[in-house]
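One-letter residues, chain by chain:
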Amino acid sequence: MKTENILVIGGTGKTGRRVAEDLRNRGIEPRIGSRNASPGFDWDDKDSWIDALNGIEKIYVSYYPDLAVPGAKEAIESLTYLAKELGVKKMVLLSGKGETEAEACEKIVMDSGMDYNIVRASWFNQNWSESFFLEPILSGEVALPLSDVLIPFVDANDIAEVAATVLLDDTYNGEIIEVTGPELITFKDIVNIISETSKRDLNFYDITLEQYVEGMKQMEIPVDVVWLIEYLFSHVLTNPNNQLVVNDIERVLGRKAKTFLEYAQETATSGIWSPIRVK
Ligand SMILES: NC(=O)c1ccc[n+]([C@@H]2O[C@H](COP(=O)([O-])OP(=O)(O)OC[C@H]3O[C@@H](n4cnc5c(N)ncnc54)[C@H](OP(=O)(O)O)[C@@H]3O)[C@@H](O)[C@H]2O)c1
């Protein structure tokens, strides 16, 4: 397998894992940026960045937990500076649509003098199977605010294929690529689709954002996570610029973006939405 000197930061996460897999399918073994990789990469330990970046030409960056959190801009600034110093030629940054803080991070990469792409994503389908919406689905009780807001949920496999493509194809250099799903869909629609595909009865409750936040606090979810989720609901979800379908996935991949139904059919087959039965 050819080594292209590509570092995938967040290479064990929702998008990074798939970017790495996509590169391997194209015959390229990337270096994985993870606290458990060797060399390790830890956002909280800048010393670890040097070994992880050593000899690397291109990087995929998914920041954890979110580019909107305090400290993200400084981390992206330091990483971008160090990457350039160490001879990295190109950076592909995963960003979020309609996040002012994320746009500040995008600008750092765009002004860096390196080749770049910004892959600006709407909310991921995989939030329902690999992240914070999985637990309510497993419990059968889904209580969410903003139940009628239209969201172009996008599939992490599509994001990863776009990211791997632009990492390797320099004709896209300098572009902001907006990755959304092919349709606008509400939380209510989603819960119905998951209920049908997983053949489970799911109850949906439309609650206020205040009730949702209060519920998270009562469940003793860490304050920074509660802050982030409240921010995403109050600033990102309600932003009209985010309630749009963009066809950049089709433009780059030459095929349609995956629908939520297609994702749900595959995910239901995997069994992840089947609650564990205790005998
Ligand atoms: N979810 C959405 O709907 C959405 C929408 C738009 C944009 N985004 C953006 O997507 C990005 C997250 O990407 P993702 O969902 O692909 O990743 P993810 O699944 O949230 O993140 C997990 C990855 O982060 C790594 N990680 C966690 N803590 C770390 C640390 N201290 N140092 C180094 N690595 C660490 C994990 O590696 P190890 O545990 O192996 O170390 C793993 O590879 C965020 O910046 C967010 O703004 C998300």
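Here, the structure is the one placed above.
Presented here is an overview of the structure given in this document. Values in this document were obtained by computation on a predicted structure and should not be read as measured data.

## A short note on the overall build of the protein
Then, in step 1: When its secondary structure is counted, the protein shows 11 helices and eight strands.
Then, in step 2: A compact globule built from 279 residues would reach a C-alpha radius of gyration of about 19 Å, and the protein, at 19 Å, matches this within 12%.
Then, in step 3: By principal-axis analysis of the C-alpha atoms, the protein measures approximately 55 × 45 × 35 Å.
Then, in step 4: Put simply, of all contacts in the protein between residues at least 6 apart along the chain, 78% involve residues at least 24 apart.

## What to know about the site of the ligand
Then, in step 1: Around the ligand, the structure places 26 residues, and the nearest of them are Gly13, Thr15, Ser34, Arg35 and Gly96.
Then, in step 2: The residue inventory of the shell around the ligand, partitioned by class, reads 10 nonpolar, 11 polar and five charged.

## A short note on the pairing of strand E1 (residues 6–9)
Then, in step 1: Covered by surrounding structure in E1 are Ile6 and Val8 together with Leu7 and Ile9, the residues of both alternating faces.
Then, in step 2: Note: E1 against strand E2 (residues 31–33), three bridges, orientation parallel. Opposite Ile9, over in E2, you have Gly33 as the bridge partner.
Then, in step 3: At this point the chain moves from E1, through helix H1 (residues 16–25), to the parallel E2, and the crossover so formed is right-handed.

## Observations regarding the sheet that holds E1
Then, in step 1: Spatial ordering of the open sheet is given by E2-E1-E3-E4-E5-E7, a layout of six strands whose pairing is parallel. The sheet is open, and its two edges are formed by E2 and strand E7 (176–179), each paired on a single side. Across the sheet, the mean angle from the axis of one strand to that of its neighbour is 15°, orientation sign disregarded.

## As for the packing of helix H8 (residues 209–218) against helix H9 (residues 223–237)
Then, in step 1: Contact geometry of H8 with H9 gives a least axis separation of 10 Å together with a crossing angle of 165°. Compared by their axis directions, H8 and H9 come out roughly antiparallel. Our pair here, H8 against H9, has a crossing hand that is right-handed. Between H8 and H9, the contacting residues are Leu209, Val213, Met216 and Lys217 on the first element and Val226, Ile229, Glu230, Phe233 and Ser234 on the second.
Then, in step 2: When grouped by side-chain class, the residues that make up the contact of H8 with H9 number six nonpolar, one polar and two charged.

## Structural notes on the nonpolar core
Then, in step 1: With 68 residues, the main nonpolar core has Val92, Leu93, Val119 and Ala163 as its most contacted residues.
Then, in step 2: Residue contributions to this core peak at eight residues, all from helix H6 (residues 156–168).
Then, in step 3: Sequence-distant contacts of Val119, that is, excluding residues within four places in its chain, are made with Val92, Leu93, Leu94, Ser95, Ile159, Val162, Ala163, Ile177 and Val179.

## Some details on the environment of Tyr60
Then, in step 1: With respect to the helices and strands, Tyr60 occurs in strand E3 (residues 58–61).
Then, in step 2: Taking the number of C-beta atoms within 10 Å as the measure of exposure, Tyr60 has 29 and is therefore buried.
Then, in step 3: Counting along the chain gives 50 residues from Tyr60 to Gly10, while the straight-line C-alpha distance between them is 8.3 Å.
Then, in step 4: Residue contacts for Tyr60: discarding those within four places in its chain leaves Val8, Ile9, Gly16, Val19, Val92, Ala163 and Leu167.

## Brief notes about the pairing of strand E5 (residues 115–121)
Two faces make up the sheet, and in a regular strand the side chains alternate between them.
Then, in step 1: Burial analysis of E5 places six of its seven residues in the buried class, which makes it a mostly covered element.
Then, in step 2: Where strand E4 (residues 90–96) and E5 come together, seven bridges link them in parallel fashion. Bridging across to E5, Lys90 finds its partner in Asp115.
Then, in step 3: For the crossover that starts at E4, traverses helix H4 (residues 100–110) and ends in the parallel E5, the hand is right-handed.
Then, in step 4: Examined bridge by bridge, E5 and E7 share four bridges and lie parallel to one another. The partner of Arg120 across the bridge, within E7, is Glu178.

## Re the environment of Tyr212
Then, in step 1: Relative to the elements of secondary structure, Tyr212 occurs in helix H8.
Then, in step 2: By the C-beta count within 10 Å, which is 18 here, Tyr212 ends up partly exposed.
Then, in step 3: Distance from Tyr212 to Glu196, taken between C-alpha atoms, is 25 Å for residues 16 residues apart in sequence.
Then, in step 4: When neighbours within four sequence positions are excluded, Tyr212 is seen to be in contact with Leu144, Pro145 and Ile207.

Cut-offs and rules
Residues numbered from 1 in each chain as written. Predicted model: local features only at pLDDT ≥ 70, side-chain atom pairs only at ≥ 80, totals over all residues. Helix = DSSP H or I, 4+ residues; strand = E, 2+ residues; numbered from the N terminus. Rg over C-alpha atoms; globule rule 2.2 N^0.38 Å. Contact = placed C-beta atoms within 7 Å. Near = placed C-beta within 6 Å. Nonpolar A, V, L, I, M, F, W, Y, C, P; charged D, E, K, R; others polar. Buried ≥ 20, exposed ≤ 12 C-beta atoms within 10 Å, placed from the backbone. Pairing = 2+ DSSP bridges. Right-handed = clockwise from strand over helix to strand, strands pointing away. Axes fitted to C-alpha atoms, helices over the stretch in contact; angles between N-to-C directions. Parallel < 35°, antiparallel > 145°, perpendicular 65-115°, else oblique. Left-handed = near helix turned anticlockwise from the far one by under 90°. Core = buried A, V, L, I, M, F, W, Y, C linked by C-beta atoms within 7 Å.

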